[in-house]
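One letter stands for each residue in the lines below.
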Amino acid sequence: MKQLMNAIIEKGFVISDGVLKVDSFLNHQIDTNLMINIGKEFAQRFKNENITRILTIETSGIAPSFIAANELNVPLVFARKKKSLTMNNDLYTSSVYSFTKQETAEISVSKNFLLPGEKVLIIDDFLANGQAALGLTNIVEQAGAEVAGIGIVIEKSFQNGRHVLEEAGYKVESLARIQSLTDGTVTFLTEQPILSN
Ligand code: 5GP
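Okay, so let's go over this structure. (Residues numbered from 1 in each chain as written. Predicted model: local features only at pLDDT ≥ 70, side-chain atom pairs only at ≥ 80, totals over all residues. Heavy atoms only, no water.)

1. Quick notes on the overall build of the chain
Summing up its helical and strand segments, the chain has six helices and 11 strands in all. For 197 residues, the compact-globule formula gives about 16 Å, and the C-alpha radius of gyration of the chain, at 16 Å, lands near that figure. The buried share of the chain, reckoned over its 197 residues, is 48%. In the chain, the share of contacts with a sequence separation of at least 24, taken over all contacts with a separation of at least 6, comes to 61%. About 9700 Å² of surface is accessible on the chain, with carbon and sulfur atoms providing 47% of the total. Averaged over its 18 positive side-chain charges, the chain has a centre that lies 3 Å from the centre of its 22 negative ones. (Helix = DSSP H or I, 4+ residues; strand = E, 2+ residues; numbered from the N terminus. Rg over C-alpha atoms; globule rule 2.2 N^0.38 Å. Buried < 20%, exposed > 50% of the residue type's maximum accessible area, 1.4 Å probe, protein only. Contact = heavy atoms within 4.5 Å. Areas by Shrake-Rupley, 256 points an atom, 1.4 Å probe, with all protein chains shown as cover. Lys, Arg positive; Asp, Glu negative; His and termini not counted. Charge placed at Lys NZ, Arg CZ, Asp CG, Glu CD.)

2. A word on the nonpolar core
In a soluble, globular protein the nonpolar side chains are often hidden away together inside. Core analysis: the biggest nonpolar cluster contains 35 residues, and Leu-4, Ile-8, Leu-20, Ile-38, Ile-54, Ile-154 and Val-186 have the highest contact counts within it. Counting only elements with at least two residues in this core, the list comes to α1 (2-11), α2 (23-27), α3 (32-46), α4 (62-72), β7 (119-127), β8 (146-156), β9 (172-180) and β10 (185-188). Top element by residues in this core is α3. It accounts for six residues. Apart from residues lying up to four places away in sequence, Ile-54 is in contact with Ser-65, Ala-68, Ala-69, Leu-72, Val-74, Pro-75, Leu-76, Val-77, Leu-121 and Ile-123. (Core = buried A, V, L, I, M, F, W, Y, C linked by side-chain atoms within 4.5 Å.)

3. Observations regarding the pattern of salt bridges
Pairing between side chains of opposite charge can happen when the charged atoms of each approach one another. Tallied over the full model, the rule gives eight salt bridges. Arg-45 is the salt-bridge partner of Glu-41, the closest N and O atoms lying 2.8 Å from each other. Taken together, the positions of Glu-41 and Arg-45, both in helix α3 and four residues apart, correspond to about one turn of that helix. Residue classification places Arg-45 among the partly exposed residues on the basis of a relative accessible area of 27%. A salt bridge links Arg-45 to Glu-173; its shortest N-O distance comes to 2.8 Å. With Arg-45 in helix α3 and Glu-173 in strand β9, this pair connects stretches of sequence that are 128 residues apart. (Salt bridge = Lys/Arg side-chain N within 4 Å of Asp/Glu carboxyl O.)

4. Focus on the packing of α3 against α4
Running from N to C, α3 and α4 cross one another at 50°; their axes reach a closest spacing of 7 Å. By the angle between their axes, α3 is oblique relative to α4. Our pair here, α3 against α4, has a crossing hand that is right-handed. Contacts between α3 and α4 involve Met-35, Ile-36, Ile-38, Gly-39, Lys-40, Phe-42 and Ala-43 on the former and, on the latter, Ala-63, Pro-64, Ile-67, Ala-68, Glu-71 and Leu-72. Of the residues belonging to the contact of α3 with α4, the class tally is 10 nonpolar, one polar and two charged. (Axes fitted to C-alpha atoms, helices over the stretch in contact; angles between N-to-C directions. Parallel < 35°, antiparallel > 145°, perpendicular 65-115°, else oblique. Left-handed = near helix turned anticlockwise from the far one by under 90°. Nonpolar A, V, L, I, M, F, W, Y, C, P; charged D, E, K, R; others polar.)

5. Section: unusual backbone geometry
In this structure, Thr-59 follows Glu-58 across a cis peptide bond, with omega equal to 0°. Relative to the helices and strands, Thr-59 resides in the loop between β3 (53-57) and α4. If you check the backbone angles, Asn-50 has positive phi at about 55° while not being a glycine. Its place among the elements puts Asn-50 in the loop between α3 and β3.

6. Some points on the site of the ligand
Near the ligand, the surroundings consist of 16 residues, among which Leu-20, Asn-129, Gly-130, Ala-132 and Lys-156 are the closest. Between a nitrogen atom of the ligand and a side-chain N or O atom of Asn-27, the distance comes to 3.0 Å. Contact with the protein chains hides 89% of the accessible area of the ligand, taken as 510 Å² for the molecule alone. In this structure, the ligand is accommodated by the largest pocket. (Near = heavy atom within 4 Å. Polar contact = N/O pair within 3.5 Å; in protein donor to acceptor, adjacent residues only side chain to side chain. 1 Å grid on protein atoms, 1.4 Å probe; cavity = no way out; pocket = protein on both sides within 12 Å on 5 of 7 lines; lining within 4 Å. Sits in = over half its atoms within 2 Å of the grid points.)

Below you can see the structure in the form of structure tokens.
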């Protein structure tokens, strides 16, 4: 997706060979025009999958999922990383190791908002080693629902997340695929290297 790739080049910062910072349009401040187009692109890519619900994970998955859910006219639910006092015990939970925080967190979704037989589209902001997405697939399966696909805003293709998810049988659609972040440079798959900062 060209608009997203341009934003990565113009506004992203390569923190290290493994980490890209995109706080100015995705992870802290949100570029609403870009986000609307990202949501529409997900909806377009999954429109023939009979999706009945979108599942994402707080916080940065919510904005793109919101637009996609509105476009597909389906409910959106996000997994919580911390249990709220208002959540009762009727929860699906899964343990997820966070690539950026380097700690394991228990994520949870109320049983009221994920029903058996649903066809669920999972959306997340980044794909690194696939742990967040796998945690979400685990929750979908606990609910007796089906994972219809996984939509990722930015895939770091040099990490093994896509491989892990495809091996597990899931369809993965990523809007930007990064081949490498070496030497402070973002290189997209099948594209020439472009200096980012
Ligand atoms: P995974 O679970 O696939 O290993 O990592 C994906 C999660 O880690 C995403 O939900 C995202 O929050 C975070 N993440 C992984 N790599 C990056 C990165 O390079 N930049 C940012 N901003 N977040 C990342």
